[in-house]
Structure formats: structure tokens, C-alpha cells
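Below, each chain spelled out in residue letters.
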Amino acid sequence: MGKLIFILFQAALINNFILVRFLGVTSLIDNTFHMETAIGMGFAVSLVMVMASVITWFINSLILVPLGASFLQLVFFMMTIVILIQVLALYLGQKKTKWHQQLGGYVPLLVTNCAILGVTVLNVQSQLTLIESLFASLGAGLGFLLILVVMTSLRERLEGADVPRSFRGVPILFVTAAILSLALTVFSSFPVH
């Protein structure tokens, strides 16, 4: 169980997809204006990451590797993510739930979010088991959500701050993200047990 917790922690903080791996950075720019948007996008990405990781693990383990077609991973993973997002959007659309209202606007962003594809590919490349893959994708999703929430909070504070004109908007956001990224490097010095 300790190894699974470490995998979750590592994916959320040590190898955070936005600040360390620089995947899904457009979400940082586009979805950090309002807290509700950041939380909605963070949960949507987390949900799709977990579901996509499980499905692509089975596709890779049961179809691609036995057939010697591992070179098709990227194509199959991309198709799986697009189909998963569309099925999820259709299902939630039929139910007319609060999730549909929140996820509905994020469907195009989810399809183009490279962090979702990144987590599926990295799980396979790291040769994680199904349970390890599940924890890694959950950690990546939680880390994604955490950074969106933190950056939204900081962005709201920065709008009222006395920032030089040339740094207003996206430049100060990137400077802040760089400082936060440096702060996360402290977690990489923890010993692995």
C-alpha cells in the first residue's frame, strides 16, 4: 500500500503534469480566471485521466502487446480518449445532471488536453500494473486539479497587485507558475522506499 501512496504522491506533486512535465499548460492559461471553472476542468480532467488509463491499460496489455503492435499505442490511445470523452458527454447529456452542465463546455478542451494522453503513455512506458496505473492517473488528476485551483487563487490576487504593465496577464502567470514549479522540486529530494 505504501508503494501505491508514493505513486499517487509522486504523480500529484513530484512529477506534476502542468508544472514539471509541462503538459496541459493551456488549461493553466484558459481555465484559471474563475475558481468554479478551474475546479470543473480539474475534476473533468481527473475523471477522464483515470478512465482513460484503465481502458488503455487493457487495450495495451490484452491487444497491442500480444499482437506485437505496440507501435500503434499512440493512435489507439488517442482514439480511446476521444471516444471516451464523447461517450461520457453523451451519457451526461442524457442524464441532464450538474456534471453535464460542468463538463459540457470542457469537451473540446478535454479532447485536446495533452496531459490526458501523457498520463496514459507514461503509465504504459513505466510498465505499471493496472492498480499502479490507476493510482498514477488519480495522482496526476489530483495534481492537475490542485495546480489549477492554486493558480486561480494566485491569479485573482495578482489582478489586484501592483504589477508592471509588461508583466500583467499571462507573463506574471508564467512567472508565478515557474516559482511554484521550483517550490515543487523540494518534493523530488524525498528518498524512495
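What you see is a predicted model; the values in this text were computed from it and never measured.

Caption draft 1: Geometry of the nonpolar core. Ranked by size, the top nonpolar core spans 28 residues in total, and within it Ile 18, Leu 28, Met 49, Ile 116, Phe 144 and Ile 147 carry the most contacts. Of all the elements in the fold, those that place two or more residues in this core are α1 (2-14), α3 (35-67), α4 (73-95), α7 (114-125), α8 (130-159) and α9 (170-184). The leading source of residues in this core is α3, at six residues. Residues within four places of Phe 144 in sequence aside, it is in contact with Asn 16, Ile 18, Leu 23, Gly 24, Ser 27, Gly 42, Val 45, Met 49, Asn 113 and Ala 115.

Caption draft 2: How the structure looks around the packing of α7 against α8. Contact pair α7 / α8: the axes reach a minimum separation of 10 Å and the direction vectors enclose 150 degrees. As judged from the angle between their axes, α7 and α8 are roughly antiparallel. Here α7 and α8 pass one another in a crossing that is right-handed. Residue-level contacts link Ala 115, Val 119 and Asn 123 of α7 to Ser 133, Ala 136, Ser 137, Ala 140 and Phe 144 of α8. When grouped by side-chain class, the residues that make up the contact of α7 with α8 number five nonpolar, three polar and no charged.

Caption draft 3: Here's a closer look at the packing of aromatic side chains. This structure, assessed with the given rule, holds one aromatic pair. Ring geometry for Trp 57 against Phe 58: centres 5.3 Å apart, planes inclined by 85 degrees, an arrangement best described as edge-to-face. Here the guanidinium or amino end of Arg 21 rests over the ring plane of Phe 17, the centre of that ring lying 5.8 Å away.

Caption draft 4: Quick look at unusual backbone geometry. Phi is positive for Phe 22, which is not a glycine, with a value near 55 degrees. For Phe 22, the position within the fold is in the loop between α1 and α2 (25-30). Positioned with a positive phi, Gln 127 is a non-glycine residue whose angle comes to about 55 degrees. Structurally, the position occupied by Gln 127 is in the loop between α7 and α8.

Caption draft 5: Broad picture of α3. Given a rise of 1.5 Å per residue, 33 residues ought to cover 48 Å, and the 46 Å separating the end C-alpha atoms of α3 matches this to within 8%. Looking at the residues trailing α3, positive phi occurs at Gly 68, about 70 degrees.

Thresholds, definitions, all that
One numbering rule holds for all chains: residues counted from 1, following each sequence as written. Per-residue local features of the predicted model are confined to residues with pLDDT of at least 70, and side-chain atom pairs are confined, for both listing and counting, to 80 or more; whole-chain, interface and lining totals are unaffected and use all residues. In computing side-chain properties, one takes all heavy atoms of the structure into account and sets aside hydrogens as well as water. Among buried residues, those of type Ala, Val, Leu, Ile, Met, Phe, Trp, Tyr and Cys that are joined through side-chain atoms within 4.5 Å constitute a nonpolar core. The buried label applies to any residue whose accessible area, calculated with a 1.4 Å probe on protein chains only, is under 20% of its type's maximum; exposed applies above 50%, and partly exposed to all values in between. Secondary structure elements are taken from DSSP: a helix is a run of H or I of four residues or more, a strand is a run of E of two residues or more, and numbering for both begins at the N terminus. Contacts were defined at the residue level, with two residues in contact if any of their heavy atoms lie within 4.5 Å. Helix axes are fitted only over the stretch in contact, all axes being lines through C-alpha atoms; the angle between N-to-C directions runs from 0 to 180 degrees. The labels follow the angle: roughly parallel below 35 degrees, roughly antiparallel above 145, roughly perpendicular from 65 to 115, and oblique for the rest. A clockwise turn of the near helix away from the far one marks a right-handed crossing, whereas an anticlockwise turn of less than a right angle marks a left-handed crossing. Note on residue categories: nonpolar means Ala, Val, Leu, Ile, Met, Phe, Trp, Tyr, Cys or Pro, charged means Asp, Glu, Lys or Arg, and polar means any other residue, Gly included. Paired rings are identified among Phe, Tyr and Trp, the last through its six-membered ring, by centres lying within 6.5 Å, and are further divided according to the angle between planes into stacked (under 30 degrees), edge-to-face (over 60) and tilted (the rest). By the criterion adopted, a ring carries a charge over it if an Arg CZ or a Lys NZ lies within 6 Å of its centre and within 35 degrees of its normal. Expected helix span is taken as 1.5 Å per residue step, with the number of steps being one fewer than the number of residues.

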